[in-house]
Structure formats: C-alpha cells, structure tokens
Amino acid sequence: MLTMSCPMAAPSSDRILLSRGLTRLRLSRMKMTSYMRTDVGVVHSLIDDEIDMKKLPGNRRRATVLRLLKQGICPHQILQNVQGGDPVQFWAVVDYLKARDQTEEALQVFQWWKNQAGYRAKEHYYTSFIHSLRKARMPFQAQNLFNEMRDEGVQPSLATMATLMLCYAESGFPDQAQILWNEIANYGFQPDTVICMELMDAYGKMGLFYEIARIFKEIKSRGHILDAKIYTTMISCYGKGGQLQLMENIFEEMRSGGFSVDSSTVNLIVRSYSFAGSLTGMEESYRCLKAYRYFLEEETIRAMAFAYIQKEKFYQLGEFVRKVGLKRKNVGNLLWNLLLLSYAANFKMRNLQREFLNMVDAGFKPDLTTFNIRALAFSRMEMFWDLHVSVLHMQHMNIAPDLVTFGAIVDSYLNGRMANKLSLALSQIGMHNLYPNVLTDPLVYEAFGKGDFHVSAENLLQYPHKMHQEKWTYSKLLRFYLKKYFSKGQLFWNH
C-alpha cells in the first residue's frame, strides 16, 4: 500500500468561487512529503464531479488526473479510486511528479502500483524510472531497480543497461560505469553513437581523459562505424579540459579519416585555444576557420577577445575586430565596443573619440557598455568635463547608468582630489535612491579592472543594510564608502 501523507481540506479563506457556482478546494503545490491529510469524502466528491473515469478514453482520463493533481489533490487519494490499476492514470501521476523533480515520491507510487492486482513487470517501466534516477543523480537506487527487474525475470536491453551505465558515469562513479560497459560488450550489444558521446562527455567532465581515449580505442576495435559526432565530442572534451595536444591529434585524425569538419567544430577549437591562453594556436585555428569560410560565432568572438585582453594585447584586439568586420550587425554593438575598448584600455583618447563618432556614423546606436567604456577611460585620466558630457549624452539617449557609471564618477572625483564637487556631479544623474545593478559587459572589467567604489559596493551588496534587512541604495553605498575612504586617510596621518 502506498505510504504517503495527504493534504487536508483547505480553510474557507482558501476556497474560490468557480464560474458555475461550485465551491472547490484550492491547495498550494507542495512536495509529496509536505502534503497534509485530505478528507476522503472531499476527494471522492471531486472525482465524482469530473465524470466516471472508466467511460472516458485514455487521453481524457489522463487529463482528468492531471486536473485533479493541479487542484492540490494528493496522488495517493487519486490512485485509491483507480480501479484495476489503470496504467493511464498511474503514468499521469508519475509524469506529474517527475516534472516537479519529485523522483522519490514517484518511486513510492511505482511501489504501490507493483502491489496492485493485474500488475505485470515490463522493461520499459523500469527503464523510465532508471532514466529519472539518472537525472536525479541517484545511481544506487537505479541499481536496485535494475536488480529487481532481473529478479522479476525481465532481461535488460541495451537501452536499460546504457541508462544505468550513464547514471553511474554522470554521478561520478566511473568504476561502476566501466563494469556495465564491459557487461554490455559481453551481452553482444553494440553501443550507438549517442551512448558513446554521452559516456565520453561524462568522463570529460570528471577529467578522465584517458578513459575517453580507452572508450575510443575499444569502439574502433569492436568494428563500430565511426561517426564525425564522436570526433567532435572528443575534441570538445579535450578542448574544455585544456588538453590541447590531444585535441589537435584527434582533429588531425578526423581530417585524415575523410570526415567533414563543420563550423561548430572549428569554432570550438578556436575557443579552446582562447580559454587556454594560447594566442598562437588560437590565431592559427582562426585562420583555418577563415580558410573554410565558416561563420565566426559570437561566443568565439568573445573568447578570442578575452584571450587578447588577458594578455593585454589591445592592439591585436583592435586588428582582430576590424578583420571580423565592423559592419556585422548580428552581434549588436559587440565588435564596436571591443574596438573602443582596445583604445580605451591603452588610454588613446583621441582614437577613442574618433571611433566613437565612426560608430554612430555607421548607424550603430551606443549602449550602456559603450558609454561605460568611455566613462572608465575618462575617470582614470581624470577628464572631468568629458566624463560630464558623456553622462549627459547617456541621459539624452535615455540610457540608464549602472553601478559602473556611478563608480567611475566617484573614483574620478575622489582620486582627483575634487571631493567637494562630487555631490554636484552625482546629483546630475539622480541615482541616489535607486538600487544598484550591473549591466555592463564583463569584458570591460577584464581590461580595466573594477574601480575602488565598485569593489567596495559589491562586497557590501552581499549583506543586507543594517539590522532591518533594508536594500542598499546608491546613496547608502556612497555614504558608507566615503566614511571608510576619509577615515583611511585619517589613519594614515595618525601614523
């Protein structure tokens, strides 16, 4: 018998009047373990109100069960009214629980169904639950179901064994996954491409690159027909893991084997070199991508820009975005912003201003990141008038400043020993009572770093204001920062 607690009848304040004049129960959606006890008579009344289930076709029975569940009725009470262990209503309850990640509750329902008259064990029942346990990272419960299925006399197929194997691999148990891999081979099954790819991907996330190579060697020795997707998966695993030499070897083997290399694979290789910080490999693979006339993805553009910024190669960054093409509009302002950043980070202010005007003339509308690149450069160079004009330009274009803009103004005036004019400068943007947010492209921080006020604000934003759980506003952040800033100076002179 199913052992679950059930919801009790809701108080009158929770009842709602339906359009037909019927008053029904409304319960909040909770996990099965938090259900309270429901009056059985209420549930029976609701089910009777729907219609006699036995006279409905399968899709209507399923819809009725789902409607009752959404009304807050406990699955236990619904199933108690199921006559003959109706699979349609059972799977409706199970699917409802699975969709809400209530895997353990779904297993309890399955245990109840197995005790009903007329139940017959079938492999796809167990496969479905093992797959759910795989998603929930519960390999040992999946193993128990697998063993139970065998005890019932049901022989597992490749799909069930592969699901259990991947459950172990993705949960961080490679040894148990290897045992099942060997068992699959002993059964004479041939894993398909998708199974091999998912297993390699799981090993890659654990950093078990030698296991990926072993799997690849075994599927070749078993006469498995190799697929370009397997090579792509290996390239992805090696690239994300920083195993550049292994990635190169597989890529060369893929090309020598006559497999076509698609755009996503070459983009992936470029990103792998970028994240590893290998500018030489990144640029060579980028030339390869251009030779194939493949499309450079936005994610790849960001990865290459990140690599140049990390190495402080701002001139190369500017040349790169020019080669990609500043007229390209499907990535928004990204390329123009990177070009401006390449000049701003080297404080080439005339070039920065010239390219900003060229951007506008080319038909691109500056965004928050565009203005903050300029604001940070003006702030570091203590160009107060240019900073003031840039903020006014933002207001004219109805672009709301963020924490980066506010911090650039604060740091500029404090570092320039013009603290007496800070309140006037900040009053022009009217942000004091607003809540802080950061909407600037993170690549800007990689080039400039975060200002002192920005760093202080981020540290404070992790905690509520005082004991009243109030939210921080710009004025409160500034008050706290100024107190710390000037007290720091006082401590310095005391020494």
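Preceding this paragraph is the structure being described.
In this report, the structure presented in the accompanying data block is examined. These numbers come from a predicted model, not from an experiment.

### Focus: the overall build of the protein chain
- Each helix and strand counted, the protein chain has 26 helices and 2 strands in total.
- Burial statistics for the protein chain: of 495 residues in total, 49% are counted as buried.
- Considering only residue pairs separated by 6 or more positions, the protein chain has 65% of its internal contacts joining residues 24 or more positions apart.
- A total accessible area of about 25,600 Å² is found for the protein chain, and carbon and sulfur atoms account for 52% of it.

### Notes on helix α21 (residues 384-396)
- In this model α21 runs 18 Å from its N-terminal to its C-terminal C-alpha over 13 residues, within 8% of the 18 Å that 1.5 Å per residue would give.
- Of all the residues in α21, the buried ones are F384, L387, H388, S390, V391 and M394. With its buried residues spanning 160° around the axis, α21 presents them on a single face. Turned more than 90 degrees off the buried face of α21, the exposed positions are W385 and H396.
- Considering only its buried residues, α21 is in contact with α20 (368-380) and α22 (403-415).
- Positive phi shows up at N398, right after α21, with a value of about 60°.

### Considerations on the packing of helix α8 (residues 158-170) against helix α10 (residues 193-205)
- Look at α8 against α10: their axes get within 9 Å of each other, and the N-to-C directions meet at 15°. Taken together, the axis directions place α8 and α10 in an arrangement best described as roughly parallel. Once α8 is placed against α10, the crossing between them reads as left-handed. For the pair α8 and α10, the contacting residues are L158, A162, M165, L166, A169 and E170 in the first and I195, E198, L199 and A202 in the second.
- When grouped by side-chain class, the residues that make up the contact of α8 with α10 number 8 nonpolar, no polar and 2 charged.

### Considerations on the pattern of salt bridges
- Under the defined criterion, the tally for this structure stands at 18 salt bridges.
- A salt bridge links E148 to K114; the shortest N-O distance between them is 2.4 Å. With E148 in helix α7 (residues 139-151) and K114 in helix α5 (residues 103-114), this pair connects stretches of sequence that are 34 residues apart.
- Here R255 makes a salt bridge to E252, at a shortest N to O gap of 2.9 Å. With a gap of 3 residues between them, R255 and E252 both fall in helix α13 (residues 244-256), about one helical turn apart.
- The class for R255 is partly exposed, based on a relative accessible area of 35%.
- Here E252 falls in the partly exposed class, since its relative accessible area comes to 41%.
- Three or more residues joined by partner-sharing salt bridges are found here, namely R134, R137, E170 and E198.

### Description of the packing of aromatic side chains
- For the structure shown, the criterion picks out 24 aromatic pairs.
- Where F110 meets Y126, the ring centres are 5.5 Å apart and the plane angle is 75°; that geometry is what we call edge-to-face. One end of the pair, F110, is in helix α5; the other, Y126, is in helix α6 (residues 123-135), and 16 residues separate them in sequence.
- The buried category is assigned to F110, whose relative accessible area is 1%.
- Its relative accessible area of 0% is what places Y126 among the buried residues.

### Examining helix α18 (residues 334-344)
- The element α18 is extensively covered by neighbouring structure, given that 11 of its 11 residues are classed as buried.
- Within α18 the residues assigned to the buried category are L334, L335, W336, N337, L338, L339, L340, L341, S342, Y343 and A344.

### Focus: the side chain of S412
- Within the secondary structure, S412 sits in helix α22.
- Residue classification places S412 among the buried residues on the basis of a relative accessible area of 0%.
- For S412, the contacting residues outside a window of four places in its chain are S379, E382, F384 and L387.

### Comments concerning unusual backbone geometry
- Backbone geometry places R137, a non-glycine residue, at a positive phi of 55°.
- Following the sequence through the fold, R137 ends up in the loop between α6 and α7.
- According to the relative accessible area criterion, R137 is partly exposed, its value standing at 44%.
- The phi dihedral of F347 falls on the positive side, at around 55°, and the residue is not glycine.
- On the basis of relative accessible area, F347 is assigned to the partly exposed category, the value being 33%.

### Quick look at the environment of G281
- Within the element layout of this structure, G281 appears in helix α15 (residues 279-291).
- Overall, G281 belongs to the buried group, its relative accessible area being 10%.
- Spatially, the C-alpha atom of G281 lies 10.0 Å from that of E248, the residues being 33 residues apart in sequence.

### Digging into the side chain of T103
- Locating T103 in the fold gives a position in helix α5.
- Residues in contact with T103, not counting those within four places in the same chain, are S132, L133, A136 and M138.

### Thoughts on the packing of helix α9 (residues 174-186) against α10
- At a minimum axis distance of 12 Å, the contact between α9 and α10 shows a crossing angle of 160°. When the axes of α9 and α10 are compared, the pair comes out roughly antiparallel. Helix-helix and strand crossings are classified by hand; for α9 and α10 the assignment is left-handed. In this structure, α9 contributes P174, A177, Q178 and W181 to the contact, and α10 contributes C196, L199 and Y203.
- Of the residues contributing to the contact of α9 with α10, the split by class is 6 nonpolar, 1 polar and no charged.

Criteria and cut-off values
Residues numbered from 1 in each chain as written. Predicted model: local features only at pLDDT ≥ 70, side-chain atom pairs only at ≥ 80, totals over all residues. Heavy atoms only, no water. Helix = DSSP H or I, 4+ residues; strand = E, 2+ residues; numbered from the N terminus. Buried < 20%, exposed > 50% of the residue type's maximum accessible area, 1.4 Å probe, protein only. Contact = heavy atoms within 4.5 Å. Areas by Shrake-Rupley, 256 points an atom, 1.4 Å probe, with all protein chains shown as cover. Expected span 1.5 Å × (residues − 1). Arc of directions from axis to C-beta. Axes fitted to C-alpha atoms, helices over the stretch in contact; angles between N-to-C directions. Parallel < 35°, antiparallel > 145°, perpendicular 65-115°, else oblique. Left-handed = near helix turned anticlockwise from the far one by under 90°. Nonpolar A, V, L, I, M, F, W, Y, C, P; charged D, E, K, R; others polar. Salt bridge = Lys/Arg side-chain N within 4 Å of Asp/Glu carboxyl O. Phe/Tyr/Trp six-rings, centres within 6.5 Å; stacked < 30°, edge-to-face > 60°.

In short, shape yes, function no, at least from these values alone.
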